[in-house]
Amino acid sequence: MKVKRERWSSNFSEWYDWVLSEAEIYDYGRYPVKGVGIWRPYGFKIREKLLELVRRELNQTGHEEVLFPLLIPEELIKKETEHIKGFENEVLWVTKGGESETDTRMALRPTSEVAISYMESLWLKSYKQLPKKYYQIVSIFRYETKATRPLIRLREVTTFKEAHTIHLTYDDAERQVMEAVEIYRKIFDMLGIPYIISRRPDWDKFPGAEYTIAFETLMPDLKTLQIGTVHHLGQKFTKALDVKIQAEDGSLVYPHQTSYGLSDRVISALISIHGDDHGPILHPLIAPIKVVIIPIPSVNNQKETLNIIEHCKRVKDELGKNDVDATIDEDTELTPGEKFYKWELKGVPLRVEIGPRELNSNTVYIKRRDTLEGKSIQFEELVVEVTRTLTEIGLYLKERGEKFLKEHIFKAENLEEAKKALNEGKGIVEVHWCNDNKCGLKLEEITGGQVKGVPFEKREVNGSCVVCGKTATNILRIAKTY
Ligand SMILES: [Zn+2]
């Protein structure tokens, strides 16, 4: 089934579906359960590459990986009422074993704060055991009633990395929030995903949290996509689950917690932001194949064609010895042109072409997937040139992404401008705000956008609230959003 090639810049939504399906990344909408998808082998490898990187960053900062049960009993999940209220319409329940009712209703985890806090109440007794930083990478379930989107809004999120930390004091937990923000910054910077960081407004924070910090990126259709969140949980869950520990002076206290998560959306952002009309451009750090080698057969000389294949194998071996994953497309059914199309659509960052000319001059022709620039290099320079070019591709993608985001942050002086900017698809709109929730909600109502929060980084504020006209104390961001 061949779907028509779609345009990245002007028809992003269809482009996205086309890429996931035709590049054989993620099969969505065909399995007979709504809101779930299947990672195909190529997509699974991209996911694995990302997870390797995430695990490395977390392990290096003292996080320990755990694995909790998928099932959370109702009595446990109901302990933190504000939390369950935030999820209650989305929780999927297991109520039957065969034909009989289960002795207790059990939720398919929507997130794991209560489950982890419960076990912490059994594991942790003394301040000397703190801090603890756990994480797991699991499926979570939410019975989404809004329109679902592959990797963006799902009923089963298969790549939910949730970290849960516990600390003696509020300030210790706050420092952990800052560490988490730095870890996410580092991960997104490495992957070249541009982002803004906002403190969510009170009405949109994680249910049960003291406050929420969110990372957002901007998709090619100028809608924002939340790609990471960090929550200061205070003592909400430790009090609800009765997690008490002995402090240094012998008294029993409720410790403070944080939680922070990433999901499939990071992969969605990677595929979408680094793309063009030919398909995605995979960042070399997460590309399962970094280099594809395409033999260009000799027109009439069978012997020469065999020598070309041999030359291709030497190139692959040489790259392999230097940890550059390369593959040769030896398919005899496809023409070189068809192979170019196929591998561009798969987003392989670098292509090597080898034909009679390269064979006879002991060179290879390399072509970048991002800028589509090509050049001939000597075989002896292969590893150095390829490694350097892959690094350059990563940097190019990062710069391109950051430029795109920067060009689409619009400062509006009044409500009319804000509304117009949102409706014309200018991207993220920033306005002056008096810090009153009522004005924030009014802004959403009038402009039809969604408030994303105030900038995480401190800003100079000089102006008046676009809603009530009082002196502004902050900047508020608003956008059309996924
Ligand atoms: Zn106001």
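The structure this text deals with has already been given above.
Analysis parameters
Residues numbered from 1 in each chain as written. Predicted model: local features only at pLDDT ≥ 70, side-chain atom pairs only at ≥ 80, totals over all residues. Heavy atoms only, no water. Helix = DSSP H or I, 4+ residues; strand = E, 2+ residues; numbered from the N terminus. Rg over C-alpha atoms; globule rule 2.2 N^0.38 Å. Buried < 20%, exposed > 50% of the residue type's maximum accessible area, 1.4 Å probe, protein only. Contact = heavy atoms within 4.5 Å. Lys, Arg positive; Asp, Glu negative; His and termini not counted. Charge placed at Lys NZ, Arg CZ, Asp CG, Glu CD. Donors = N, O, S within 2.8 Å, 3.2 Å for Na, K, Ca; no water. Tetrahedral: all angles 85-135°; square planar, octahedral: opposite > 155°, others 65-115°. Axes fitted to C-alpha atoms, helices over the stretch in contact; angles between N-to-C directions. Left-handed = near helix turned anticlockwise from the far one by under 90°. Nonpolar A, V, L, I, M, F, W, Y, C, P; charged D, E, K, R; others polar. Phe/Tyr/Trp six-rings, centres within 6.5 Å; stacked < 30°, edge-to-face > 60°. Core = buried A, V, L, I, M, F, W, Y, C linked by side-chain atoms within 4.5 Å. Domains from an automatic or database assignment. Parallel < 35°, antiparallel > 145°, perpendicular 65-115°, else oblique.

(A) Region of the structure containing the overall build of the chain. In terms of regular secondary structure, the chain is built from 14 helices and 25 strands. The C-alpha atoms of the chain give a radius of gyration of 26 Å, which matches the 23 Å a tight globule of 482 residues would have. Relative to its full complement of 482 residues, the chain shows a buried share of 54%. Sequence-distant contacts in the chain: of pairs separated by 6 or more residues, those separated by 24 or more amount to 69%. Separation between the mean location of the 71 positive side-chain charges and that of the 75 negative ones in the chain comes to 2 Å.

(B) Inspection of the coordination of the zinc ion at higher detail. Cys434 (SG), Cys439 (SG), Cys465 (SG) and Cys468 (SG) make up the full set of protein donors to the zinc ion, lying at 2.3 to 2.4 Å. Note that the zinc ion binds 4 donor atoms; their angles at the metal cover 106 to 114°, and the shape is tetrahedral. For cysteine 465, a relative accessible area of 3% corresponds to the buried category. Given a relative accessible area of 35%, cysteine 468 falls into the partly exposed group.

(C) Geometry of the environment of aspartate 189. In this fold, aspartate 189 is placed in helix α6 (residues 170-191). Residue aspartate 189 is classed as partly exposed on the basis of its relative accessible area, which comes to 28%. The spacing of aspartate 189 and lysine 96 is 93 residues in sequence and 46 Å in space, taken between C-alpha atoms. When neighbours within four sequence positions are excluded, aspartate 189 is seen to be in contact with Tyr195 and Lys398.

(D) Representation of the packing of helix α9 (residues 302-321) against helix α12 (residues 382-407) within the structure. Where α9 contacts α12, the two axes come as close as 10 Å, and the packing angle between them is 65°. The hand of the α9/α12 crossing is right-handed. Each of Val315, Glu318 and Leu319 in α9 lies in contact with α12, whose residues at this interface are Leu382, Val383 and Val386. Looking at the contact of α9 with α12, its residues break down into 5 nonpolar, no polar and 1 charged.

(E) Just the packing of aromatic side chains, in detail. Scanning the entire structure with this criterion turns up 13 aromatic pairs. The interplanar angle of 35° and the centroid separation of 5.8 Å between the aromatic rings of phenylalanine 12 and tyrosine 16 together place this pair among those described as tilted. One end of the pair is phenylalanine 12 and the other is tyrosine 16, both in helix α1 (residues 12-22) and 4 residues apart, which spans about a single turn. This pair shows no difference in class: phenylalanine 12 is buried, exactly as tyrosine 16 is. Measuring from centroid to centroid gives 6.3 Å for tyrosine 184 and phenylalanine 188, while their planes differ by 55°, and the two rings are tilted. You can see tyrosine 184 and its partner phenylalanine 188 sitting in helix α6, 4 residues apart, about one turn around the helix. Here the two residues tyrosine 184 and phenylalanine 188 agree in accessibility, since each one is buried.

(F) Up close: the nonpolar core. Grouped together as the largest cluster of nonpolar side chains are 64 residues, with contacts concentrated most on Ile25, Phe188, Leu191 and Ile193. Element by element, the count of residues in this core is highest for α6, at 8 residues. Each of domain 1 (12-276) and domain 2 (291-389) accounts for three or more of the residues forming this core. Beyond its immediate sequence surroundings of up to four residues, isoleucine 193 is in contact with Phe188, Thr217, Ile227, Val266, Ala269, Leu270, Ile273 and His274. With 23 residues, the next largest nonpolar core counts Val315, Leu350, Ile354 and Leu397 among its residues.

(G) Structural context of the packing of α1 against helix α8 (residues 265-273). Contact geometry for α1 and α8: axes closest at 11 Å, N-to-C directions at 110°. Taken together, the axes of α1 and α8 are roughly perpendicular relative to one another. Across the interface between the two elements, Phe12, Trp15, Tyr16, Val19 and Leu20 from α1 touch Ser268, Ile271 and Ser272 from α8. Counted by class, the contact of α1 with α8 contains 6 nonpolar, 2 polar and no charged residues.

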